[in-house]
Amino acid sequence: MAKNISVPDIGDFKEVEIIEVLVKPGDKIKKNDPIVTLESDKSSVEVPSPFEGKISELKVKIGDKVSEGSVLATLEGSEIKEEDSKVKEKEKPVKEKKIEPHEIHKEEKSNGQIVKREKLYAQPISKDDIDPVETQEWVDSLKGVIESDGPSRAGYLIKKIIDEAYSEGLTLPDTRTTPYINTIPASADVRSPGDQNIERKIRAYIRWNAAAMVVRANKKNPELGGHIGTFASAATLYDVGMNHFWKAKNNKFGGDLIYFQGHSAPGMYARAFLEGRISEKQLDKFRQEVEPGGLSSYPHPWLMPKFWQFTTVSMGLGPMMAIYQARFTKYLINRGLLKDENRKIWCHIGDGEMDEPESLGAIGLAAREKLDNLIFVVNCNLQRLDGPVRGNGKIIQELEGRFRGAGWNVIKVIWGSYWDQLLAKDKTGLLVKRMTEAVDGEYQAFKAKGGAYVREKFFGKYPELKELVANMTDADIWKLNRGGHDPHKVYSAYHAAVRSKGKPTVIIAKTIKGYGMGKSGESMNTTHQQKKLDEKDLLYYRDRFNVPLTDKQVKNIEYYKPPDSSEEIKYLKNCRTKLGGNIPERTTFAKSIKTPPVDIFESFMKSTGEKEMSTTMVLVRMLANLLRDKNVAPRLVPIIPDEARTFGMEGFFQKIGIYAHEGQKYEPVDSEQLSSYREDKSGQVLQEGITEAGAMSSWIAAGTAYTNHDVEMIPIYLFYSMFGFQRIGDLAWAAADSQTRGFLIGATSGKTTLAGEGLQHQDGHSHLLASTIPNCVSYDPTFAYEMAIIFRDGLKRMHEKKENIYYYITAMNENYSHPPKPAGSDQGILKGMYLFKEFKGKGKAKVQMLGSGTILREIIKAAEILSKDYGIDCKVWSVTSFNELKKNGMEVERKNLLSPSEKPKKSYVETCLHGQEGMVIAASDYIRSYSDQIRPFIKKPFYSLGTDGFGRSDTREKLRKFFEVDKKHIVVYTLSALASEQLLESKQAEKAIKKYNIDQNKIFPTKL
Ligand SMILES: Cc1ncc(C[n+]2csc(CCOP(=O)(O)OP(=O)(O)O)c2C)c(N)n1
Ligand SMILES: [Mg+2]
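Visitor: Got a sec to walk through the overall build of the protein chain? Specific residues and values, please.
Guide: If you tally the helices and strands in the protein chain, you get 39 helices and 26 strands. Its C-alpha atoms give the protein chain a radius of gyration of 34 Å, within 12% of the compact-globule value 30 Å for 1008 residues. Across its three principal directions, the C-alpha atoms of the protein chain cover 105 × 85 × 60 Å. With 1008 residues in all, the protein chain has 58% of them scored as buried. With the model as given, the accessible surface of the protein chain reaches about 42,600 Å², and the carbon-plus-sulfur share is 51%.

Okay, structure coming up:
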């Protein structure tokens, strides 16, 4: 039975051109195999076959125009399986609709015992009690239900009562926060199985060595800096993870991924020293990295590529990148590229750091995506750099509210075990009330001023509480520890966190900044900056943690490392052996991706004839071609922050699907259309919503998957170029440090090319920002063949040869026809410039004309005019990258200056222009500084034109006139420049100014 394949619903488009026919008669095809590619003026999309079968006849050819219903081909043969694709598509989401098990309940039963759980303690603080007997009855009923029917039932009843209360119109207390006590009650704590005696010693040595390396460095030279107080507060949080939880990467397991708080780095080095991974000599080179073997100030994979994995010190970026790392890990698993090994992503953050909008900016996504592989640990030492984080409030409560509101599993670790007994004795709730009402500024002072002060100011507020501690000495009171310094409480929290299902977990731990530093910096406002400890301080620090060093050794600030045969070192190493190896450690075993053959790019080398298209369309078409390459296709990660339609990429929705961890639970409104919005659990596109920072974090996660997951991926992040480097420049820097490989595409780029959008959208400087990143390779191509050659080279360099660089390529939305590739231009395209065309005049003068992006086309038009109307010989050079030319120029110049007796070498620009006569005029759609970069390497008069000043909306023609980069201004400026070089009479230029109506009195655009 023969069957027609016709064009399905393609939205509002009619008479759309066929640009590719992907089958021929006789081909056996499967359902969804592409038949043809259609291209509208904005986007291209493949039409898939709705059936399986054999092509008997083709009804169309390249260049034909088709609309909905046009027949493309006929299928025949017994293989035809008539399936209604629409029905199938509709069935899919229904199939994927699953009822989520009630995760919390599961978790409650995880250790087989019924315990008093978070819900019981999560009650908001009540107002004054007017009927304690009645209150007690309610509480007793609740306890009764928990005992007889378990916590799930109790939770259900409470929810029911709350629902009832709302329907009665009651105003209920705010439930964002729970009382200021540990989320896990003492009765439910899971104690650490570790040997606490040995662990305490190990922790003491790490603390000592971490402080010693900072003090020694600053003794050598106070310029070097460093931090002691941060790690001092976080040591237990790290130790418990290192000894009991964080599993390393090895040949059996992918490894947990740990984002360390940037300025706690000395602690990580100090542990690695005990483990024998870092030598004493290296410790002595903390923050001295110019000579080989130094240790980075902070986690910098670029500088310590075998050690650090994640760059975190720019506050806020770590949390955001960790969230998207966790999300990307799930993406890889759902796409079948990674085994699900229950790996966790841990992110350590300071409480001050939580002020950064980025730190909290993506927590909603983490909950939405059910990232139960993600654990945040917020070290609440209540201080940041200058002083308290929330002196008048409580950072722990504030964060609890925000994370609970976002849907996270929140575990507060506020009080250490020494408080357990006091809390148990607190029958009236007065202790919890006092704990809750004291503000962080007070808590800071409590730890700075000693036991007597705490007795007076904290317990002393209520006689009952004073009485509660009457039998305790001041020293006992001082010993009442904070949760984040209690290994059992921390262990218990981590234990619960790794078992959380269906949501991410945040552990909010209370600690003391500068713990153990005593008068020199414990809980002081100056703690953060403390990098010097005098003899007295050091002796105190040694005694506080019982570090076995003599006074003399302390005075010499010697490191302490027991012999390898000691029980401490054996224990420490054994812990890591059990957990699979070293952390942090950066390795990569990813296989490279074979660069696709040139024929995939061949069509871009030819002229597009009459057909006009933008370089964005070229790129999208190229990506569609790449999706047919079996090596590249599965590894492409297109990332788009809600701009797919702007860039003509909606065709990807159907073809490769949008990643959605729960699939698609609804029938999309446009389900009848070819480019219907298709979400899929194994979808490939990351449609990020409107978050450039999030999209960039995804890009970093994908571009470093070769090391974090041993899978080489090819992330391609397309964004409005103005919202790229300018918006998320700090992440672009972190990406470079992380050795991210992938493509950033600054689409709708150029100040006059993006016409209507105006001042905030028009980008005239992103290339300059890109140029500040040493391992970023950037291009501003004009023509399809340039884009294709650059892109293929990028694939080769990054993903086949594994160079640690990334690409920034600008793409435009201006449609024009593209010429064929000039023979022999490949190398020039990659190096940054090549001779595009020569326009012979009458030899009246000679000019070298350089242009990039769409303004190259104005240069070409100007050259035509100059040669025809003024008899000037023009050579037009397409400059694909002023940035690459400048890099090469700087390097060659430096080499020449360092070799004064040798024959100077020529930079690539000089090589191109050497022997070419005439001055140089350069123009781009960016500010003049972009093209000015090559000025020092051109030994000729050089004039540059550019788009300096604020953008504004208007037509391209008017904008180019305004910024003086249109063909007329280029002609006039060239004539005028020739006159100033005395190569032409000035009246020629005067005449041209009149002829082209150029206003000589117009104010310079930067002032308008
Ligand atoms: C984006 C950014 N801004 C400022 C800094 C400088 N800085 C380094 S640490 C710090 C205070 C951090 O306080 P917190 O997060 O509470 O960490 P703690 O040392 O208390 O653990 C500041 C402001 C930075 N590293 N990054
Ligand atoms: Mg802090």
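Visitor: Which residues make up the coordination of the magnesium ion (ligand 2), and what are the values?
Guide: With distances of 2.0 to 2.1 Å, the protein atoms coordinating the magnesium ion (ligand 2) are D351 (OD), N381 (OD1) and Q383 (O). In primary-sequence terms, the residues that donate to the magnesium ion (ligand 2) follow D-x29-N-x1-Q. Here the two residues N381 and Q383 agree in accessibility, since each one is buried.

Visitor: Any chance you could break down helix α10 (residues 317–334) for me, citing the residues and the numbers?
Guide: In a regular helix each residue adds 1.5 Å, so 18 residues correspond to 26 Å; α10 covers 25 Å between its end C-alpha atoms and thus fits that length. The buried count for α10 comes to 15 of 18 residues, which makes it a mostly enclosed element. Note on α10: the residue one or two positions beyond its end, G336, has a positive phi of about 75°.

Visitor: Summarise the sheet that holds strand β21 (residues 806–810); cite the residues concerned and give the values.
Guide: The strand order across the open sheet formed by six strands is β17-β14-β18-β19-β21-β20, and the pairing between neighbours is parallel. Two strands bound the open sheet, and with one partner strand each, they are β17 (686–687) and β20 (776–779). Bridge analysis of strand β19 (residues 743–747) against β21 gives four bridges, and the strand direction is parallel. Paired with I745 across the strands is I809, a residue of β21. Contacts from helix α31 (residues 784–800) reach β18 (714–720), β19, β20 and β21 within the one sheet, and its direction differs from that of β21 by about 165°.

Visitor: Please give an account of the pattern of salt bridges that cites residues and values.
Guide: Evaluation of the coordinates by the stated rule reveals 55 salt bridges. Between E46 and R628 there is a salt bridge, with the nearest N and O atoms lying 2.8 Å from each other. You can see E46 sitting in strand β5 (residues 44–48) and its partner R628 sitting in the loop between α25 (615–626) and β14 (636–640), a full 582 residues away along the chain. The exposure class of R628 is partly exposed, given its relative accessible area of 33%. The salt bridge partner of R678 is D680, with a shortest N-O separation of 2.8 Å.

Visitor: Give me the lowdown on a negative patch on the surface, citing residues and values where you can.
Guide: A cluster of acidic side chains, namely D129, D131, E134, E137 and D140, defines a negative patch on the protein surface. One can find D129 in the loop between α3 (118–121) and α4 (132–149). Taking the relative accessible area as the measure of exposure, D129 reaches 44% and is therefore partly exposed.

Visitor: Describe the site of ligand 1, naming the residues involved and giving the relevant values.
Guide: Inspection of the region around ligand 1 gives 17 residues, with T230, H263, D351, G352 and K513 positioned closest. A distance of 2.8 Å separates an oxygen atom of ligand 1 from a polar side-chain atom of Q261. For ligand 1, an oxygen atom lies 3.0 Å from a polar atom in the side chain of N381. Notes on ligand 1: free accessible area 590 Å², of which the protein chains cover 76%. Residue composition of the shell around ligand 1, by class: three nonpolar, nine polar and five charged.

Visitor: Account for the packing of aromatic side chains, with residues named and values stated.
Guide: All told, the structure shown has 53 aromatic pairs when counted by the stated rule. Where Y205 meets Y560, the ring centres are 4.7 Å apart and the plane angle is 65°; that geometry is what we call edge-to-face. With a gap of 355 residues between them, Y205 in helix α6 (residues 196–220) and Y560 in the loop between α22 (551–555) and α23 (567–578) connect regions that are remote in the sequence. A relative accessible area of 3% means that Y205 is categorised as buried. Judged by its relative accessible area of 16%, Y560 is buried. Relative to Y806, the ring of W699 lies with its centre 5.0 Å away and its plane at 90°, an arrangement referred to as edge-to-face. Taken together, the residues W699 in helix α27 (residues 692–703) and Y806 in strand β21 connect sequence positions 107 residues apart. As far as the burial class goes, W699 and Y806 line up, both buried. In this structure an aromatic cluster arises from ring pairing among F231, Y238, F245, W246, F260, Y269, F286, F307, W308, W346, Y491 and Y494.

Visitor: Can you tell me about the sheet that holds β5, naming the residues and giving the values?
Guide: With antiparallel pairing, the four strands of this open sheet are ordered in space as β5-β4-β2-β7. Of all strands in the sheet, those with a lone pairing partner are β5 and β7 (65–66), marking the two edges. Inspection of the sheet shows strand β2 (residues 16–21) paired to β7 by two bridges, in the antiparallel sense. The residue of β7 that forms the bridge with V16 is V66.

Visitor: Account for empty space enclosed by the protein, naming residues and giving values.
Guide: A complete count under the given rule lists 10 cavities of 30 Å³ or more for this structure. Put simply, the largest cavity is a space of about 110 Å³. In terms of lining residues, the largest cavity is bounded by W415, W419, Y443, F446, K447, V454, F458, I477, L480, N481 and R482. Considering each element in turn, the lining of the largest cavity owes the most residues, three residues, to helix α16 (residues 440–449). For the lining of the largest cavity, the class distribution of residues is eight nonpolar, one polar and two charged.

Visitor: Provide a residue-level description of the state of the cysteines, including the pertinent values.
Guide: On inspection of all chains with the given rule, the structure shows zero disulfides. Not engaged in a disulfide, the cysteine C347 finds its nearest cysteine sulfur in C380; these two sulfurs lie 13 Å apart. Residue C912 stays outside any disulfide, its sulfur separated by 18 Å from that of C874, the closest cysteine.

Visitor: Describe the side chain of H227, listing the residues and the values that go with them.
Guide: Mapped onto the elements, H227 comes out in the loop between α6 and α7 (229–245). Side-chain polar atoms of H227 contact the side chain of H528, separated by 3.4 Å.

Cut-offs used in this document
- Residues numbered from 1 in each chain as written.
- Chains lettered and ligands numbered in written order.
- Predicted model: local features only at pLDDT ≥ 70, side-chain atom pairs only at ≥ 80, totals over all residues.
- Heavy atoms only, no water.
- Helix = DSSP H or I, 4+ residues; strand = E, 2+ residues; numbered from the N terminus.
- Rg over C-alpha atoms; globule rule 2.2 N^0.38 Å.
- Buried < 20%, exposed > 50% of the residue type's maximum accessible area, 1.4 Å probe, protein only.
- Areas by Shrake-Rupley, 256 points an atom, 1.4 Å probe, with all protein chains shown as cover.
- Donors = N, O, S within 2.8 Å, 3.2 Å for Na, K, Ca; no water.
- Expected span 1.5 Å × (residues − 1).
- Pairing = 2+ DSSP bridges.
- Contact = heavy atoms within 4.5 Å.
- Axes fitted to C-alpha atoms, helices over the stretch in contact; angles between N-to-C directions.
- Salt bridge = Lys/Arg side-chain N within 4 Å of Asp/Glu carboxyl O.
- Patch = residues over 30% accessible without salt bridge, like charges linked within 9 Å, V, L, I, M, F, W, Y side chains within 5 Å.
- Lys, Arg positive; Asp, Glu negative; His and termini not counted.
- Charge placed at Lys NZ, Arg CZ, Asp CG, Glu CD.
- Near = heavy atom within 4 Å.
- Polar contact = N/O pair within 3.5 Å; in protein donor to acceptor, adjacent residues only side chain to side chain.
- Nonpolar A, V, L, I, M, F, W, Y, C, P; charged D, E, K, R; others polar.
- Phe/Tyr/Trp six-rings, centres within 6.5 Å; stacked < 30°, edge-to-face > 60°.
- 1 Å grid on protein atoms, 1.4 Å probe; cavity = no way out; pocket = protein on both sides within 12 Å on 5 of 7 lines; lining within 4 Å.
- Points joined across faces, edges and corners; volume = space filled by probe spheres on them.
- Disulfide = S-S within 2.5 Å.

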